[in-house]
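Structural overview
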Amino acid sequence: MIDEVRRQFDVAWALTEFHLAALVEDDFLWEPADLCWTVRRDTSGSWRADFAEVEPDPVPVPTIGWLTWHVDFWWSAAIAACEGQPVPDPASITWPGDGAAAVARIRELAQQWRNTLSQSDFTAPAAFPWGADAGRTVADTVLWVTVELTKNAAEIGQLRLLRAARG
């Protein structure tokens, strides 16, 4: 099964890389709507993402910067969980401050994920992202990562195309 999972991840990664490679710096903080989640520099100079434990209604439209932060957060958490490490809190993950660094971080996470896949026991119990009582396994987390990556890549691509279409 691991070969099939890796091939499926490679498909999701190809879509992600297609969109990441086409981004320009001005894409990252472009706000496509009045109600928007983005990344903002705090008083210490760190870039923090807008975030709420419970999504507001209506849900804010994210910027590409926010989406790259989001990928960094959930992928860092998934890797930590699969490796038996504590899952980071969303507030502990900062955005690197520019698009090139955000893309580099996502590419680094992809390589870490490939390493994690080769070392994981797919039958072991996994709490992330469902919780300890969900009865899920590492295989569930691994498959979820591919779906989540595909979703975020599509969102990044759609925002990039919308911004380009607006000129």
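Check the entry above for the structure.
Notes on the structure follow. A quick note: this is a predicted structure, and the numbers were derived from the prediction, not measured. (Residues numbered from 1 in each chain as written. Predicted model: local features only at pLDDT ≥ 70, side-chain atom pairs only at ≥ 80, totals over all residues. Heavy atoms only, no water.)

**Some words on the packing of helix α2 (residues 64-82) against helix α3 (residues 99-119)**
Convention followed: With axes taken as lines fitted to C-alpha atoms, and helix axes fitted only over the stretch in contact, angles between N-to-C directions fall between 0 and 180 degrees. Starting at the N terminus, helices and strands are each numbered in turn, a helix being any DSSP run of H or I of at least four residues and a strand any DSSP run of E of at least two. When an angle is under 35 degrees it counts as roughly parallel; over 145 it counts as roughly antiparallel; between 65 and 115 it counts as roughly perpendicular; any other value is oblique. By definition, turning the near helix anticlockwise from the far helix through less than a right angle yields a left-handed crossing, and turning it clockwise yields a right-handed one. Whether two residues touch is decided by their heavy atoms; if any such pair falls within 4.5 Å, the residues are in contact. In this count, Pro and Cys sit with the nonpolar residues alongside Ala, Val, Leu, Ile, Met, Phe, Trp and Tyr, while Asp, Glu, Lys and Arg are called charged and the others, Gly among them, polar.
It is at 10 Å that the axes of α2 and α3 come closest, and there the two elements cross at 20 degrees. Regarding the angle of α2 to α3, the classification is roughly parallel. In this structure, the crossing between α2 and α3 has a hand that is left-handed. On the side of α2, the interface is formed by Thr68, Val71, Asp72, Trp75, Ser76, Ala78, Ile79 and Cys82, while α3 contributes Ala102, Arg105, Ile106, Leu109, Ala110, Gln112, Trp113 and Thr116. Broken down by class, the residue content of the contact of α2 with α3 amounts to 10 nonpolar, four polar and two charged.

**Overview of the environment of Val138**
The test is simple: Relative accessible area decides the class of each residue, using a 1.4 Å probe on protein chains only: under 20% of the type maximum gives buried, over 50% gives exposed, and in between gives partly exposed.
Tracing the chain through its elements places Val138 in helix α4 (residues 138-166). Val138 gets classed as buried once you look at its relative accessible area, which sits at 6%. Sequence separation of Val138 and Thr123 is 15 residues, and the distance between their C-alpha atoms is 6.1 Å. Once you skip the residues sitting within four places of it in the chain, Val138 turns out to touch Cys82, Ser120, Asp121, Phe122, Ala124, Pro125 and Ala126.

**Describing the nonpolar core**
Rule in force here: Definition of nonpolar core: a set of buried residues of the types Ala, Val, Leu, Ile, Met, Phe, Trp, Tyr and Cys, connected through side-chain atoms within 4.5 Å.
Within the largest apolar cluster, 44 residues are counted, with the highest numbers of intra-cluster contacts made by Trp13, Trp69, Trp74, Trp75 and Trp113. Mapped by element, the contributors of at least two residues to this core are α1 (2-22), β3 (47-49), α2, α3 and α4. Element by element, the count of residues in this core is highest for α2, at 12 residues. Sequence-distant contacts of Trp74, that is, excluding residues within four places in its chain, are made with Phe128, Trp144, Val145, Glu148, Leu149 and Asn152.

**Things to note about the pattern of salt bridges**
We count it as follows: A pairing counts as a salt bridge when a side-chain nitrogen of Lys or Arg comes within 4 Å of a carboxyl oxygen of Asp or Glu.
In the structure shown here, the tally under the stated rule is 10 salt bridges. In the salt-bridge network here, residues are joined through shared partners; they are Asp72, Arg105 and Glu108.

**Describing the packing of aromatic side chains**
Each aromatic ring pair is specified by the distance between its two centres and by the angle formed by the two planes. Test applied: Each Phe, Tyr or Trp ring, with Trp reduced to its six-membered ring, pairs with another whose centre is within 6.5 Å; inter-plane angles below 30 degrees give stacked pairs, above 60 give edge-to-face pairs, and intermediate values give tilted ones.
Counted under the stated rule, the structure contains 11 aromatic pairs. Summarising the aromatic geometry, the rings of Phe28 and Trp95 are spaced 6.3 Å apart at their centres and angled 45 degrees between planes, so their arrangement reads as tilted. A residue pair is termed long-range when its members are at least 10 positions apart, and Phe28 in the loop between α1 and β1 (36-37) and Trp95 in the loop between α2 and α3 qualify at 67 residues. For the residue pair Phe28 and Trp95, the accessibility class agrees, reading buried in each case. Among the aromatic residues, those joined into a ring-pair cluster are Phe9, Trp13, Trp74, Trp75, Phe128 and Trp144.

**Observations regarding the packing of α1 against α3**
For the pair α1 and α3, the least separation of the axes is 12 Å and the interaxial angle reads 175 degrees. The pairing of α1 with α3 is recorded here as roughly antiparallel in orientation. The residues of α3 that touch α1, namely those facing Ile2, Val5, Arg6, Phe9, Asp10, Trp13, Glu17, Leu20 and Ala21, are Val103, Ile106, Arg107, Ala110, Trp113, Arg114, Leu117 and Ser118. Classifying every residue of the contact of α1 with α3 by side-chain character gives 11 nonpolar, one polar and five charged.

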